[in-house]
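Examination of the molecular architecture
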Amino acid sequence: MSYKYHQFQVVGRGLPTESDENPKIYRMKLWATNEVRAKSKFWYYLRKLKKVKKSNGQMLAINEIFEKNPTTIKNYGIWLRYQSRTGYHNMYKEYRDTTLNGAVEQMYTEMASRHRVRHHCIQVIKTATIPAKLCKRESTKQFHNSKIKFPLVFKKVRPPTRKLKTTYKASRPNLFV
Amino acid sequence: PFKRYVEIGRIALVNYGKDYGKLVVIVDVIDQNRALVDAPDMVRGQMNFKRLTLTDIKIDIKRVPNKKTLIAAMEAADVKNKWENSSWGRKLIVQKKRASLNDFDRFKIMLAKIKKAGVVRQELAKLKKEATA
């Protein structure tokens, strides 16, 4: 499964000067599509928190963080701050997914579809794996059922490879599962 | 109205993508469109329901079993034999055999078909003679 958003750990500090030989080192976990974007985002956030810019700072490390258990399903809670047409708002959203990157990708696509908020107007404040008892949203809680059972209502009839796709078919497909 | 449900332990056939043609077990449901799916020869992963066709076979497992328990449960329910003896499974085996024939095999099949048609026609001629006589 290839994910669009990767999680990076970025570590940086201001450049050492005569007055400050060992400036404080700051570490941040971000989501970006690639390393270059991650570094740029790091400086963006750090500028808002400390009096340091990319020109008078140095990047110490950037590592990609991979999911520890991509074969287990987890409930992710994501706190975000986004800019709508009328102002900034905070939001808390829940997603069920196997990896954190997948959940973040779901979040971006959902914000774009439900609120027309594009990627650059969203800031991820915090993410956490939520145990099932503490989930708040009904749409995630409805899958917390060890005897879950539901039918698939329509069968999507499609050829097994895109090569076998045809514009016209001889007969109408049978959609009954 | 519905006989085949998405549930933990349902066997499904993959009908699109890299694992086309594999029989997989639905081990857990992620959300409305995706399931966590496992098979004895693949890493446990997620799959969209659009890529799965449910079968009639269901095995008895708890939510997300480990690989050993899964394989043991599949042996206990005898999934492989049930699938290969079902009409759907037999059809798929025949399709695969037909696709893998070489020219000599097709020649042999042609001769066998001609022979079979000849025998059928002889029997038909005998029956017609008895009907008119």
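The shown structure was predicted, so the numbers you read here are calculated from the model rather than taken from an experiment.

Before going further, it helps to examine the overall build of chain A. Check the secondary structure of chain A and you find 3 helices and 7 strands. Helices and strands appear in chain A in the N-to-C order β-β-α-β-β-β-α-β-α-β. In terms of principal-axis extent, the alpha carbons of chain A reach across some 80 × 45 × 40 Å. Counting only contacts in chain A whose residues sit at least 6 apart along the sequence, the fraction spanning at least 24 positions is 59%. Taken as a whole, chain A presents about 12300 Å² of accessible surface, with 51% of it coming from carbon and sulfur. For chain A, the separation between the mean place of its 38 positive charges and that of its 11 negative charges on side chains is 11 Å.

Quick look at a nonpolar patch on the surface now. Residue and element names in this part refer to chain B. Nonpolar side chains collect at one region of the surface, where Phe104, Phe107, Met110, Leu111 and Ile114 lie side by side and expose about 510 Å² of accessible area between them. Tracing the backbone shows Leu111 in helix α4 (residues 103-132). Overall, Leu111 belongs to the partly exposed group, its relative accessible area being 43%.

Right, let's get into the interface of chain B and chain A. Taken residue by residue, the interface counts 26 residues in chain B and 24 residues in chain A. In this assembly, chain B packs against chain A so that about 2400 Å² is buried in total across both faces, 64% of it on carbon and sulfur atoms. Contact with chain A buries surface across chain B, with B:Phe2, B:Tyr16 and B:Ile30 losing the most and accounting together for 23% of the total. There are 1 salt bridge connecting chain B and chain A.

Residue and element names in this part refer to chain A. Spatially, 3 strands are ordered β5-β4-β6 in an open sheet, and the strand pairing comes out antiparallel. Each edge of the open sheet carries a strand with a single partner, namely β5 (88-97) and β6 (122-130). For this sheet, the mean inter-axis angle between neighbouring strands, taken without regard to orientation, is 20°. In terms of strand pairing, strand β4 (residues 74-83) meets β6 through 8 bridges, oriented antiparallel.

A few words on the UniProt feature "domain: Large ribosomal subunit protein eL20" (unreviewed entry) in chain A. Within this structure's numbering, the places UniProt gives as "domain: Large ribosomal subunit protein eL20" (unreviewed entry) are residues 6-127 of chain A. Strand forms 43% of residues 6-127 of chain A and helix 25%; the C-alpha atoms that close the span are 14 Å apart.

Attention shifts here to the side chain of A:Thr140. Residue and element names in this part refer to chain A. Within the secondary structure layout, Thr140 lies in helix α3 (residues 138-141). Accessibility expressed as a relative area gives 4% for Thr140, which makes it buried. At 2.7 Å, the side chain of Thr140 forms a polar contact with the side chain of Glu94. Non-local contacts of Thr140, meaning those with residues more than four positions away in its chain, are made with Glu94, Tyr95, Arg96 and Cys135.

When the UniProt feature table is mapped onto this chain numbering, "domain: Large ribosomal subunit protein eL14" (unreviewed entry) sits at residues 44-116 of chain B. The straight-line gap between the two end C-alpha atoms of residues 44-116 of chain B is 47 Å; of that span, 62% is helix and 16% is strand.

The next subject is the sheet that holds strand β1 (residues 6-14) of chain A. All names here are of chain A. One open sheet holds the 3 strands; their spatial order is β2-β1-β3, and the pairing between them is antiparallel. Two strands in the sheet have a free side with no partner beyond their single neighbour: β2 (25-32) and β3 (57-65). Each adjacent strand pair in this sheet contributes to an overall mean axis angle of 25°, direction not counted. Summarising the sheet, β1 and β3 pair through 8 bridges and their orientation is antiparallel. When the bridges of β3 are listed, Gly12 appears paired with Met59. Helix-sheet contacts for helix α1 (residues 35-49) involve β1, β2 and β3, and the interaxial angle to β2 is about 125°.

What follows covers a positive patch on the surface. Taken together, the side chains of A:Arg47, A:Lys48, A:Lys51, A:Lys53 and A:Arg81 define a basic patch exposed on the protein surface. Structurally, the position occupied by A:Lys48 is in helix α1.

Here we take up the packing of aromatic side chains. Each aromatic ring pair is described using two quantities: the centre-to-centre distance and the angle formed by the ring planes. Residues and elements named next belong to chain A. Applying the stated rule across the entire model yields 6 aromatic pairs over all chains. Ring centres 4.4 Å apart and planes at 25° place the aromatic pair Tyr5 and Tyr108 in the stacked group. Linking Tyr5 in the segment before β1 with Tyr108 in helix α2 (residues 100-115), this pair joins segments that are 103 residues apart in sequence. For Tyr108, a relative accessible area of 6% corresponds to the buried category. For the pair Tyr44 and Tyr45, a centre-to-centre distance of 5.2 Å together with 65° between the ring planes defines the contact as edge-to-face. Owing to a relative accessible area of 13%, Tyr45 belongs among the buried residues under this scheme. Of note, Lys126 hangs over the ring of Trp79, and the distance from its end group to the ring centre comes to 4.5 Å.

Turning our attention to the pattern of salt bridges. Per the stated rule, a full pass over the model turns up 16 salt bridges over all chains. Here A:Asp97 and B:Arg34 are joined by a salt bridge, their closest N and O atoms 3.5 Å apart. On the criterion of chain membership, the pair formed by A:Asp97 in strand β5 and B:Arg34 in strand β4 (residues 34-39) is interchain, its members lying in two chains. Here A:Glu110 makes a salt bridge to A:Arg114, at a shortest N to O gap of 2.8 Å.

So, how was this worked out
Residues numbered from 1 in each chain as written. Chains lettered and ligands numbered in written order. Predicted model: local features only at pLDDT ≥ 70, side-chain atom pairs only at ≥ 80, totals over all residues. Heavy atoms only, no water. Helix = DSSP H or I, 4+ residues; strand = E, 2+ residues; numbered from the N terminus. Contact = heavy atoms within 4.5 Å. Areas by Shrake-Rupley, 256 points an atom, 1.4 Å probe, with all protein chains shown as cover. Lys, Arg positive; Asp, Glu negative; His and termini not counted. Charge placed at Lys NZ, Arg CZ, Asp CG, Glu CD. Patch = residues over 30% accessible without salt bridge, like charges linked within 9 Å, V, L, I, M, F, W, Y side chains within 5 Å. Salt bridge = Lys/Arg side-chain N within 4 Å of Asp/Glu carboxyl O. Buried < 20%, exposed > 50% of the residue type's maximum accessible area, 1.4 Å probe, protein only. Buried area = accessible area lost by both parts, 1.4 Å probe. Pairing = 2+ DSSP bridges. Axes fitted to C-alpha atoms, helices over the stretch in contact; angles between N-to-C directions. UniProt positions renumbered as here; feature names shortened; annotations may be inferred. Polar contact = N/O pair within 3.5 Å; in protein donor to acceptor, adjacent residues only side chain to side chain. Phe/Tyr/Trp six-rings, centres within 6.5 Å; stacked < 30°, edge-to-face > 60°. Lys NZ or Arg CZ within 6 Å of the ring centre and 35° of its normal.

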